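Now for the letters of each chain:
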Amino acid sequence: MNSALAIVHTTRRDNDSTGMKMRTRGPLGSILAATAISMAAAGCDSASPPVHTAHTDSAGIPIATAVAPVWGPDEGWTVESEPLLEIGTVTGAPEYLFTDVVAAVRLSNGDIVVAERAASELRRYDAAGNFLWRAGRSGEGPGEFRSLDFVGITDGDSLVTYDGALLRAQLFDPQGGLVRSFRVAVTEGEAAGRAIAADKAVGIVDGLLVVRFIESGDEIPTGVVRWPLERVATLDPADGTVRSLIVVPGREQVVRAREEGGLSQGTYIFAKEPEYGAAAGRLAVIDTEAWSVRMISPRDGATTAVFRRDLAPREATGALFELHLDGIVEIAFADPDQTAPERVDGLRRMWRGMPRAPHLPVLRSIHVDGTGHLWLQPYYVAGADPPPFEVHAPNGTWLGSVALPPGLHRAFIQYQAPYMEIGDDYVLGVWTDELDVQYVRMYRINK
């Protein structure tokens, strides 16, 4: 076997497998890597180890191309079927009743802080799930919320919240005391004069709150377009400084010119869009049009690595659309069988009249765990069972798949769903039962 083939085939079977890196530059590097993989598949004897992930680089940026998972059958990580901790109840004390949990985070001592949007408050529980204190209430004053949309942990177990209605971040100490608050806005640089607004908190990286802004730009295109743009920036909770990182195309939608003037915006079914994951000092960006992950520096927005996989998108067949529509009906109506038939029929007619993409998105979401591993959710239509997460090592090596216990609460639109925290050896999120009652649960990851 020649040296090029040996380099591509070298991959250790462990969780942090990197293999030897084939250092090439620019387009030639991609061609050589693809050629080597093809030759390896055709020309090596049966004793050669399989190709899992090809590691190359381009202009100094590491590129990992996933070919096959490292874990074989009955190998890899698993998640326990029974939770280590469950907080919540159907009836009882109000501090244990959850209606609209947007996030749950774990402090360094094992305590849990839950952000309950319906009650506009933070609630802290000890490691056994016993209620300790609450902070916040509905309002616009200091320490209050109109829309409590996010909570994350920064230095010293301090808590950072984001209020999408007030466009405000607030910093609380570990005991729930308000330290300071900031309006989230870009005030410096070339983006300061553009029509942008803070839209969503993405996560915490290196003590910085990562926020997505919506940026309409100077001109509105028509047709099926990626508009408006999305600008990703960080806010420093120490002084409120906002630093712009990158701008990416937004969600696909249909923009049409009206006969009477002006433009109309409409839904494009199976639209492609960017999604973000942030934790453990890493910021990851995906575009659901293709299987590709871009790792971004939270300090200056530079691309630090690219992870990819050659995976063709599935055709958006009529059968898949109808399955998707069944799921939309279930989301829209608590019990479609008990809803007036004309309402259900009206919703179905409306959706069937909307334009839709010829192919499904490839990915649905991305999460970064406490050790820097990437958990990617393949796309699934609203009426289907969610597939397992695909887990990749910090260097992009494809390890395998991990399934979570059923009932994990996931909204149809990812940014509306509760934030899920994946730690070193646990998953913390919101699960619902058959009555749609919410529970905050933590499950052990066996590695």
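Quick caveat, the model's predicted, so the values are computed rather than measured. (Residues numbered from 1 in each chain as written. Predicted model: local features only at pLDDT ≥ 70, side-chain atom pairs only at ≥ 80, totals over all residues. Heavy atoms only, no water.)

S.K.: Can you break down the side chain of His373 residue by residue, with the values?
M.R.: Turning to its location among the elements, His373 is positioned in the loop between β24 (363–368) and β25 (374–378). On the basis of relative accessible area, His373 is assigned to the buried category, the value being 5%. Looking at His373, its side chain comes within polar contact range of the side chain of Thr371, at 2.8 Å. (Helix = DSSP H or I, 4+ residues; strand = E, 2+ residues; numbered from the N terminus. Buried < 20%, exposed > 50% of the residue type's maximum accessible area, 1.4 Å probe, protein only. Polar contact = N/O pair within 3.5 Å; in protein donor to acceptor, adjacent residues only side chain to side chain.)

S.K.: Hey, could you go over the pairing of strand β10 (residues 159–163) for me, with residue numbers and the actual values?
M.R.: Remark: a regular strand shows side chains that alternate across the two faces of the sheet. Most of β10 is tucked away, with 5 of its 5 residues classed as buried. Because side chains alternate across β10, one face comprises the buried residues Leu159, Thr161 and Asp163, and the other comprises Val160 and Tyr162, equally buried. As paired elements, strand β9 (residues 148–153) and β10 share 5 bridges and run antiparallel to each other. From the neighbouring strand, Leu148 faces β10, where its bridge partner is Asp163. Taking the residues between adjacent antiparallel strands as the criterion, β9 and β10 are bridged by 5 residues, where Gly156 takes a positive phi near 70 degrees. One ladder, built from 5 bridges, connects β10 with strand β11 (residues 168–172); its direction is antiparallel. For Leu159, the partnering residue across the bridge sits in β11 and is Phe172. Linking two consecutive strands that pair antiparallel, namely β10 and β11, is a turn of 4 residues; a positive phi of about 50 degrees is found at Leu167 within it. (Pairing = 2+ DSSP bridges.)

S.K.: Could you give an account of the sheet that holds strand β14 (residues 208–215), naming the residues involved and the relevant values?
M.R.: Spatially, 4 strands are ordered β13-β14-β16-β17 in an open sheet, and the strand pairing comes out antiparallel. Of all the strands in the sheet, just β13 (196–205) and β17 (242–248) have a single pairing partner and so form its edges. Shown here is a sheet whose adjacent strand axes are inclined to one another by a mean of 25 degrees, direction ignored. By the bridge criterion, 8 bridges tie β13 to β14 in an arrangement that is antiparallel. Pairing of Ile196 across the sheet is with Glu215, part of β14. (Axes fitted to C-alpha atoms, helices over the stretch in contact; angles between N-to-C directions.)

S.K.: Let's hear about unusual backbone geometry: which residues, and what values?
M.R.: Across the junction of Trp227 and Pro228, the peptide omega takes the value 0 degrees, indicating a cis bond. The residue Asp74 is not glycine, and still its phi comes out positive at about 65 degrees. A residue is classified by how much of its surface remains accessible, and Asp74, at 86% relative accessible area, is exposed. Even without being glycine, Asp436 reaches a positive phi, approximately 65 degrees. Relative to the helices and strands, Asp436 resides in the loop between β29 (426–432) and β30 (438–446). On the accessibility criterion, Asp436 (60% relative accessible area) is exposed.

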